[in-house]
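One letter stands for each residue in the lines below.
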Amino acid sequence: MLQERTGQWPQRWKQEGRQEGREEGRQEALKEAEARIQEAKLEAKRETACNLIETTNLDNVTIANATGLSEDEVRELRSTH
């Protein structure tokens with residue numbers, strides 16, 4: 001009986017390690033997905049600002065307020081368009 005239980009420990013450790021590894025993998029994937037979402041949001045703001053720069057006569061402050069970008073970012077985008 002004792003031998004049987006001691007033989008099960010390596011299997012349990014192995015299973016627990018797999019579960020911990022899966023959880024770490026999930027957490028890492030979640031962090032990567034959140035980073036991609038944030039980058040996509042920023043890219044959308046930049047694209048919106050570029051569209052406003054190209055199609056309106058709005059000033060940098062107004063575009064910054066409308067998009068959530070800083071005035072410096074809008075100024076930089078304006079200089080490239």
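Right above here is the structure, for reference.
Residues numbered from 1 in each chain as written. Predicted model: local features only at pLDDT ≥ 70, side-chain atom pairs only at ≥ 80, totals over all residues. Heavy atoms only, no water.

Another point: the overall build of the protein. When you go through the protein residue by residue, the secondary structure sums to three helices and zero strands. When the helices and strands of the protein are placed in sequence order, the string is α-α-α. Each of the 81 residues in the protein was classed as buried or not, and the buried ones make up 12%. Counting contacts in the protein only where the partners sit at least 6 residues apart, residues at least 24 apart contribute 32% of the total. Surface exposure of the protein reaches about 6,700 Å², of which carbon and sulfur atoms provide 50%. (Helix = DSSP H or I, 4+ residues; strand = E, 2+ residues; numbered from the N terminus. Buried < 20%, exposed > 50% of the residue type's maximum accessible area, 1.4 Å probe, protein only. Contact = heavy atoms within 4.5 Å. Areas by Shrake-Rupley, 256 points an atom, 1.4 Å probe, with all protein chains shown as cover.)

With that settled, the discussion passes to the nonpolar core. Ala49, Cys50, Ile53, Ile63, Ala64, Leu69, Val74 and Leu77 together form the largest nonpolar core, which totals eight residues. Only α1 (2-55), α2 (60-67) and α3 (71-80) provide two or more residues apiece to this core. Looking at this core element by element, the count peaks at three residues for α1. Once residues within four sequence positions are removed from consideration, isoleucine 63 is found in contact with Ala49, Leu52, Ile53, Leu58, Val74 and Arg78. (Core = buried A, V, L, I, M, F, W, Y, C linked by side-chain atoms within 4.5 Å.)

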